[in-house]
Amino acid sequence: MLVVSAAIYLPFISHFGYYNDDWYSMYAARVNGTEVFHEMYGIDRPGRAYVMIPLYELFQGDPFYYNISAYVFRLAGAVALLWLLRLIWGERKLETFLIAFLFLIYPGFLSMPNAIDFQSHLIGILLAFISLGLGILATRTSKTTNRIFLWFGAALTGWAYLSQMEYYIGFEAARLILFAVPAWRSDGDWKRKTGATFFTWLPSSIIPVFYLIWRIFFFQNERVTTDAGIQLGSLLTAPLATLYAWIINFTQSFLNVTLFAWGVPLTQQAFPLDVSNNMRGMTLGVIVAVVVLFALRFMDKTDSTTAESSNRWRDEMLIAGLAWTMTGLIVVVLANRVVAFPVYSRYGLVSAAGAIMALVAGIRYLSERRLQIALVGLLFFSSAFTHYANGLQYAGWTMSLRTFWWQVAWRVPQLEQNASIIASYPYSGIREDSFVWGPANHIYYPYQVNPGKVQAGVHAILLDHNAVVRIINRERQVYRKHVVVDTYRNYRNFVIFSQPSPQSCVQVIDGLQPEYSTYENDPILVIGPYSEVEHIKLDEAFKTPPEFLFGPEPPRGWCFYYEQAAYERQRGDWAAVLTIGEQAFSQGLAPQDLIEWMPFVQAYAQAGNSDRLVELAPDIVADPFVARQICLTLSNDPSLAADIKAVITEYYCIPS
Amino acid sequence: MRDIITESNASVMKNRIILPILFLIILSAIAYLPLVNRFGYTHDDWYLMYSAGAYGPSVFRDIFSVDRPMRALVMIPAYLFFGENPLYYNLSAYVFRVLGALAFFWILSLLWSRARTATTLIAALFVIYPGFLSQPNGIDYQSHIMGLAAALFSVALTLKAILSDSRTTKLGLHFLAMLTAVFYLGQMEWYIGFEFFRWMCVFLLAARNGGTLLHKARRAVEWAYPALAGPGLFLIWRIFFFESERGATDVDFQLLKFIQYPIQTLYHWTVQVAQDLFDVTLAAWVIPLAQLTGHIQRWGGALVILATAVLVVWLYRSRLGETSTEPEQAEFTREAFWLGALTAIGGLIPIAMVNRDVLFPAFSRYSLVSSAGVAILIVAALIHLNRRTLQLGMIAVLSLTALLTHHANAVKYANESAALRNFWWQVAWRVPQFEKNATLLAVYPAGAIEEDYFVWGPANLIYYPEKQNEKNIQPGVFAALVSQDTVNKVLARERQEYDKRKNIVTYANYRNIVILTQPTASACVRVIDGMRPENSLQDPEAIRTMSPYSEIEHVLADEAPHTPPEVIFGPEPAHGWCFFYQKADLARQQGDWEAVLEIGGQAFDQNLSPADPIEWMPFLQAYAATGNVERLTELAPVVTADPYVAQQACGILLSMENLSAETIETVDSLYCPE
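**Q** In this structure, what is going on with the overall build of chain B? I would like to understand it.
**A** Counting its secondary structure elements, chain B contains 28 helices and 6 strands. Projecting the C-alpha coordinates of chain B onto the three principal axes gives extents of approximately 100 × 55 × 45 Å. Within chain B, the fraction of its 674 residues that count as buried is 58%. In chain B, the proportion of contacts linking residues at least 24 apart, taken out of those at least 6 apart, comes to 76%. With an accessible surface of roughly 26,400 Å², chain B has 60% of that area assigned to carbon and sulfur atoms. If the 48 positive side-chain charges of chain B are averaged to one point and the 60 negative ones to another, these points end up 17 Å apart.

**Q** How should I be thinking about the overall build of chain A in this particular structure?
**A** Along chain A, the regular secondary structure elements total 28 helices and 8 strands. Each of the three principal axes of chain A carries a C-alpha extent, and together these read 105 × 55 × 50 Å. By the burial criterion, 59% of the 656 residues in chain A qualify as buried. Taking the intrachain contacts of chain A between residues at least 6 apart in sequence as the baseline, contacts between residues at least 24 apart amount to 76%. If the 46 positive side-chain charges of chain A are averaged to one point and the 52 negative ones to another, these points end up 14 Å apart.

**Q** Help me understand the state of the cysteines in this model?
**A** Covalent bonding between the sulfur atoms of two cysteines is what defines a disulfide. All names here are of chain A. Under the defined criterion, the tally for this structure stands at 4 disulfides over all chains. What pairs with Cys505 in a disulfide is Cys559, and their sulfur atoms sit 2.1 Å apart. The disulfide joining Cys505 to Cys559 has a torsion of about -85 degrees about its S-S bond and is therefore left-handed. Residue Cys505 is located in the loop between strand 6 (494-498) and strand 7 (507-509), and its partner Cys559 is located in helix 23 (residues 558-571); the two are separated by 54 residues in the primary sequence.

**Q** Teacher, can you tell me more about helix 19 (residues 453-463) of chain B here?
**A** Two residues of an α-helix separated by three or four positions point the same way, owing to the 3.6 residues in each turn. Buried residues dominate helix 19 of chain B, accounting for 11 of its 11 residues. The set of residues buried in helix 19 of chain B consists of Tyr453, Phe454, Val455, Trp456, Gly457, Pro458, Ala459, Asn460, Leu461, Ile462 and Tyr463 of chain B.

**Q** What should I look at first to understand the interface of chain B and chain A in this one?
**A** A common way to report how large an interface is uses the accessible area buried once the components associate. Across the contact, 39 residues belong to chain B and 40 residues belong to chain A. Interface area for chain B against chain A, summed over the two sides, is near 3,600 Å², with a carbon-plus-sulfur share of 63%. If you sort the residues of chain B by the area they bury against chain A, Tyr267, His384 and Glu541 of chain B come out on top, with a joint share of 16%. In this assembly, chain B and chain A are joined by 0 salt bridges. Applying the counting criterion to the chain B and chain A interface returns 9 residue pairs in polar contact (both at pLDDT 80 or more). Of all the secondary structure elements, the ones that give two or more residues to the side of chain B that touches chain A are helix 13 (262-281), helix 17 (368-384), helix 18 (388-430), helix 20 (484-491), helix 21 (541-546) and helix 27 (643-654) of chain B. It is helix 13 of chain B that contributes the most residues to the side of chain B that touches chain A, 5 residues altogether. Of the residues belonging to the side of chain B that touches chain A, the class tally is 20 nonpolar, 9 polar and 10 charged.

**Q** I keep staring at the sheet that holds strand 2 (residues 420-424) of chain A and nothing clicks. Help me out?
**A** Within a beta sheet, neighbouring strands are joined by backbone hydrogen bonds and run either parallel or antiparallel to one another. Residue and element names in this part refer to chain A. Read from one edge of the open sheet, 4 strands run 3-2-6-7, paired in mixed fashion. Two strands close off the open sheet at either side, each with one partner strand: strand 3 (459-460) and strand 7. Here strand 2 pairs with strand 3 via 2 bridges, running parallel. Paired with Ile421 across the two strands is Ala460, which belongs to strand 3.

**Q** Quick question: what am I supposed to make of the side chain of Gln391 of chain B here?
**A** With respect to the helices and strands, Gln391 of chain B occurs in helix 18. In terms of polar contacts, Gln391 of chain B uses its side chain to reach the backbone carbonyl oxygen of Leu382 of chain B, at 3.1 Å.

**Q** How do you make sense of the environment of Ala161 of chain B when you look at a structure like this?
**A** Residue and element names in this part refer to chain B. Considering the arrangement of structural elements, one finds Ala161 in helix 7 (residues 142-163). On the basis of relative accessible area, Ala161 is assigned to the buried category, the value being 0%. Put simply, Ala161 and Leu537 are 376 residues apart on the chain and 67 Å apart in space, counted from C-alpha to C-alpha. In contact with Ala161, not counting residues within four places along its chain, are Lys170, Leu173 and His174.

**Q** Help me out: how do you make sense of the nonpolar core in this one?
**A** Grouped together as the largest cluster of nonpolar side chains are 312 residues, with contacts concentrated most on Phe129, Trp324, Trp405 and Phe497 of chain A. Counting residues per element, this core draws most heavily on helix 18 (residues 369-411) of chain A, which supplies 19 residues. Of all hydrophobic cores here, the second largest spans 91 residues; its members include Tyr47, Val527, Phe580 and Val667 of chain B.

**Q** Quick question: what am I supposed to make of empty space enclosed by the protein here?
**A** If a probe the size of a water molecule is rolled over the atoms, the empty space left behind becomes visible. Scanning all chains against the criterion turns up 8 cavities of 30 Å³ or more. Of all the secondary-structure elements, those providing two or more residues to the lining of the largest cavity are helix 1 (2-9), helix 5 (63-88) and helix 18 of chain A. Of the residues in the lining of the largest cavity, the class split is 13 nonpolar, 4 polar and no charged. Its volume calculated, the second largest cavity comes out at about 80 Å³. Residue lining of the second largest cavity: Ile30, Ala31, Pro34, Leu35, Trp299, Gly300, Leu303, Val304, Leu403, His406, His407 and Ala410 of chain B, and that is the complete set. Taken together, the elements giving at least two residues each to the lining of the second largest cavity come down to helix 1 (10-32), helix 15 (298-318) and helix 18 of chain B.

**Q** Can you walk me through the sheet that holds strand 1 (residues 439-443) of chain B in this structure?
**A** The mixed open sheet is built from 4 strands, whose spatial order is 2-1-5-6 (chain B). On the outer flanks of this sheet lie strand 2 (478-479) and strand 6 (526-527) of chain B, each paired with one strand and no other.

**Q** Even after reading the chapter, I still don't get the environment of Asp21 of chain A, so can you show me in this structure?
**A** Mapping Asp21 of chain A onto the fold places it in the loop between helix 1 and helix 2 (22-32). Through-space distance from the C-alpha of Asp21 of chain A to that of Ala138 of chain A is 39 Å; in sequence the pair is 117 residues apart.

**Q** For this particular structure, what's the right way to read the packing of aromatic side chains?
**A** Centre distance and the angle of the planes are the two values used to describe a pair of aromatic rings. Going through the model one piece at a time under the given rule, you end up with 87 aromatic pairs over all chains. On the basis of an interplanar angle of 70 degrees and a centroid distance of 6.2 Å, the ring pair of Phe60 of chain B and Tyr79 of chain B is categorised as edge-to-face. Placement of Phe60 of chain B in helix 3 (residues 59-65) and of Tyr79 of chain B in helix 4 (residues 71-82) is noted, with a sequence separation of 19 residues between them. Summarising the burial analysis for this pair, Phe60 of chain B and Tyr79 of chain B share the class buried. Three or more aromatic residues joined by ring pairs make a cluster, and in this case those are Phe103, Phe129, Tyr161, Tyr167, Tyr168, Phe171, Trp324, Tyr344 and Tyr347 of chain A. The ring of Phe103 of chain A has Arg74 of chain A lying over it, and the distance from NZ or CZ to the ring centre is 5.5 Å.

**Q** Is there a simple way to think about the packing of helix 2 of chain A against helix 19 (residues 434-444) of chain A in this case?
**A** Each pair of packed helices can be summarised by the angle the axes make with each other and by the distance between the axes. Residues and elements named next belong to chain A. It is at 9 Å that the axes of helix 2 and helix 19 come closest, and there the two elements cross at 30 degrees. Relative to helix 19, the element helix 2 is oriented roughly parallel. Between helix 2 and helix 19 the crossing geometry is left-handed. Residue-level inspection shows Trp23, Tyr24, Met26, Tyr27 and Arg30 of helix 2 in contact with helix 19, the latter providing Ser434, Phe435, Trp437, Gly438, Pro439, Asn441 and His442. In terms of residue class, the contact of helix 2 with helix 19 is built from 7 nonpolar, 4 polar and 1 charged.

**Q** Sorry, what's going on with the pairing of strand 5 (residues 513-517) of chain B here?
**A** A regular strand carries its side chains on alternate faces of the sheet. Residue and element names in this part refer to chain B. Within strand 5, 5 of the 5 residues are buried, which leaves it mostly tucked inside the rest of the structure. Residues Ile513, Ile515 and Thr517 point to one face of strand 5 and Val514 and Leu516 to the other, with burial holding for every one of them. Here strand 1 runs beside strand 5; their pairing, made up of 5 bridges, is parallel. Counterpart to Val443 in the pairing with strand 5 is Thr517. Bridge analysis of strand 5 against strand 6 gives 2 bridges, and the strand direction is antiparallel. Bridging across to strand 6, Leu516 finds its partner in Val527.

**Q** Would you take a moment to explain the confidence of the model for chain B for this structure?
**A** Should the pLDDT be low somewhere, the predicted coordinates at that spot are not to be read in detail. Residue and element names in this part refer to chain B. Put simply, chain B has an average pLDDT of 92, and 95% of its residues get 70 or more. Below pLDDT 50 for its whole length, residues 1-8 participates in 30 contacts with residues either more than four positions away or in separate chains. Reported confidence for the predicted complex is 0.77 by ipTM and 0.85 by pTM.

**Q** It is not clear to me how a nonpolar patch on the surface should be interpreted in this structure. Could you clarify?
**A** All names here are of chain A. A surface patch of nonpolar side chains, amounting to about 830 Å² of accessible area, comprises Val209, Phe210, Leu212, Ile213, Trp214, Ile216, Phe217 and Phe218. Summarising the element assignment, Ile213 is placed in helix 11 (residues 206-218). Its relative accessible area of 35% is what places Ile213 among the partly exposed residues.

What counts and how
Residues numbered from 1 in each chain as written. Chains lettered and ligands numbered in written order. Predicted model: local features only at pLDDT ≥ 70, side-chain atom pairs only at ≥ 80, totals over all residues. Heavy atoms only, no water. Helix = DSSP H or I, 4+ residues; strand = E, 2+ residues; numbered from the N terminus. Buried < 20%, exposed > 50% of the residue type's maximum accessible area, 1.4 Å probe, protein only. Contact = heavy atoms within 4.5 Å. Areas by Shrake-Rupley, 256 points an atom, 1.4 Å probe, with all protein chains shown as cover. Lys, Arg positive; Asp, Glu negative; His and termini not counted. Charge placed at Lys NZ, Arg CZ, Asp CG, Glu CD. Disulfide = S-S within 2.5 Å. Buried area = accessible area lost by both parts, 1.4 Å probe. Salt bridge = Lys/Arg side-chain N within 4 Å of Asp/Glu carboxyl O. Polar contact = N/O pair within 3.5 Å; in protein donor to acceptor, adjacent residues only side chain to side chain. Nonpolar A, V, L, I, M, F, W, Y, C, P; charged D, E, K, R; others polar. Pairing = 2+ DSSP bridges. Core = buried A, V, L, I, M, F, W, Y, C linked by side-chain atoms within 4.5 Å. 1 Å grid on protein atoms, 1.4 Å probe; cavity = no way out; pocket = protein on both sides within 12 Å on 5 of 7 lines; lining within 4 Å. Points joined across faces, edges and corners; volume = space filled by probe spheres on them. Phe/Tyr/Trp six-rings, centres within 6.5 Å; stacked < 30°, edge-to-face > 60°. Lys NZ or Arg CZ within 6 Å of the ring centre and 35° of its normal. Axes fitted to C-alpha atoms, helices over the stretch in contact; angles between N-to-C directions. Parallel < 35°, antiparallel > 145°, perpendicular 65-115°, else oblique. Left-handed = near helix turned anticlockwise from the far one by under 90°. pLDDT = per-residue confidence, 0-100. Patch = residues over 30% accessible without salt bridge, like charges linked within 9 Å, V, L, I, M, F, W, Y side chains within 5 Å.

Next up, the structure:
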């Protein structure tokens, strides 16, 4: 398990950065200290602060260490599950090992690389399995002292895991199901068995009961998604529609967790890979499948020495697994959530172990042994390939984001405080404004800008349809408290940073003279004229992005020179633009996005270098969209000489 | 299987054939017929039906001459029979889908005559296979579906010929198999994957007589070598005589890559087949339904649950997977497993070789050949399950998934047809005639516009339904997709672009555009006037960017109006708000403010009002032009509730000439931002 999971999870571990909620949480901790975690999680899951504070003290926000720690917790969780399952099905070494192993590499959970934010999820899983195991051990111990200790341990770890994620309460249903398995093996009718299960469970009931009492009657929840009252309120306002939605969500989630987790993420993540990564991923998948099948064969031989007493374990495992899956999903569905890949894959975590139990039991129902082997091989292949592709994708995002912000750092010495940024990343994926103001503040405002508050130095506007309309309407500043970070995005006061394609450089749009790449997206075309470059403070010292987050400075290729030239153009230093251009061209560098010729073309025009303008024209007019912008910008520039304008008209303008 | 066991008497035999046939017909009817009368033209239907209508059905020869000339053999008679009515094509598509399933059932019966329950289940899974989503596209897919039926009949005829004792019958059957093979390959050359299936079936029969692998293979060839004639003839014609003008169907073009980069290409094909195999076997039961979940109707869900319940009860009574002897069951599952797996793979190889892949929903058709193998493979796997409840549970899940997918897919097609009909009826109310050779850019409220003919097709069927050019198939108005590429070309003022696809010639002109947009189903269609662009809050940014370039003069306001043909666009919709809006907007273009006021009066008398506030504009302008300050004041709170619209209203109203001072003051104070 250690070797295979390392091969699956570790290849890209040093390439992962911040994702999603990491941006605001790590920024807040960096500028205001770790105590801010209490305020941050106080609104919904106060227990998370007790995980995040020591981890931040240890790792100082470095994503690499968080990823190592996440891997360790994931592995420990799988080992705990193996221990738990062997408490119930001690004789079924192979099957329990297979379940724990498949849980470890379960491809339905795709947030492993988002290690900072998911630290609590993974610790919660580990604690939940330990709690369930201790609970079972407590029922088997005859010595009262041991029983009390074990029961106490189960309660403590139980509350601890619930403090991390309230929707993990589905594990308490799993506890009941696991207590029922041994009870159902005994003689007697169903009433007697039910009674035995209930009385075994009764001491453990304090875990969910006390937690729920605290959660419902004492804790003041400020977050809608984790507020039981608000979530269940929809049932009262629209009972039929809510019930219908719950049934649909439940069915969809159930199928996703049990079956589709092994295929859908694979098609989403792995199939679109390029050929070389496809080969690498497939090779990893095949090696993992072969190694695992070999190991399982060895185990099976050892296992076969133990006589198979009965086939009852299959029924038990199948029924218990299905029940665990369903109960784990009920909480998720009641909170109006659904297991969906890849974004909401985490909601399947509680049910995953149950679903895998049912799957393994189902495979063992197959009469054809070769079919069983083929299916197990396929499951491991699918997992390995999916996680390879998932890791590659996360690493790609980080790489792209680091490149983006390094280019911004080359172009922008400092951003005016309280300015707003609109950014367009080449791989999109900006779901929250913190994905933009987070990195910007880590570079430009890595300190407390407002005493006593966590406030971003610069803010960001999420580029969507709504933002476009607000900008056109010239709407004013909007305040938003991003959990703990105060932000003030301003639709009249922003600057656009756009990298329209992976081969383009970051382009700062100047609303007074907007220039757009051929690859530019439509919303930027609409709002470009409103972008204000004066929010860039040209005379300040350049800032260096912190290496723990943005990596070392990338090699200085075309984009470095383009950014520097664009900076000099904004300063109006045409001679500097020409010098930078010569440095770039002497190294054989040239833009892949033709709009990036613009600062140099303007500098040549200003310098009256018509030869160079003529020389560049054939390359540039290959893109009429760029040529027309050059034509319009330079033809209307009153500072240019008439002969230069004539060259522009002749070589860059398309006749009407 | 219990029903592999005995066939006791004639009546039982008859029931064992008639009942499965009835079952397949009913099951497929539940999957495909409930909304069949609501499907309209979609995708390639637009250019096919426009061309046939304007240039006569013989035009199909020209259109298909570039890639699949024999498709004209289907489309010409189909057009002669069904004319322009999509309902008949969709009914015909259903009939051929069922015939295909029956032919498949016949093949399975010839292979495993005593496994009636299993073979019926296989045929059922085949006919409702959820990976093929183009069934409601009945016109264009007539050839696919007819070809599918022909291919399966061809295989069945070969098997029947092998099993037949009479030499004359053998010859006759082989001859028919050859004819149907040439026919089906003529419809879709990538259906050649069915030849894998044919030879797998023959090999399976030959293998039952024992011997080494070589013996079995030789026996198979000896039994069925006449079946090589059909595909052989087709391939000779295709490779040596036919010049395909379309990359995807050009054998030389496709094989060139292999010759240039053999190892990379071979690797790519292998990976593609592996990925497609995953798609056709597993993803087909998941992805399409996940994509279509939002279209499921309650009545549809109830119907599907009922049908699945009946299926499960029938299977429960039929006792799937039980046999009189263990070896008999093992033999069936072994044969079925290999036949299914190899057919599924074989059907994908030709697709990978032409660098295509299975993709839901756009390229779901490429799963068709393999779907036969997938159905066999699934049933073989199900029989391996030792638990009866698990078997039935899995079948219930498969049935539910497949039927729900087809239901949701049908709802989606029907809704898109309705939205599109409504769109063009509104255009017809608004636009008496488009100037010839104008280029249209449209935004539909539902369904993606993947090709320019999704727009010029309906436009020409209304405005230029007759022949426009003696030499070429050429529509009267053209279209361009609303895309980043088009935005760039429009902003760069690029010129006319010649395009010839399937022998249809178009000249999209980026300096000559008129924009028609209906951003949501509740909004009306708006024709954008670039001199005075009005944008809805919901308009896509691309439209906002290009609006200043939209030339309303391509709308010939003084021509006689055109009525959309009912058979294609349905009857005229009830005259709601959008009717009055379109008429008012037309009157505004004509400069007839009195008419605008009169139309407005009629609409408001009926308590009609716009869902999208930008549609107040013609009326606001009319009130401003006539100095109706009272009405402007009355409407101000409604309009300014949307600041984006208010801002535009302010700009447009204040730019009007000859406004009274009082009107200007009212507009300035009530509509313009502070």
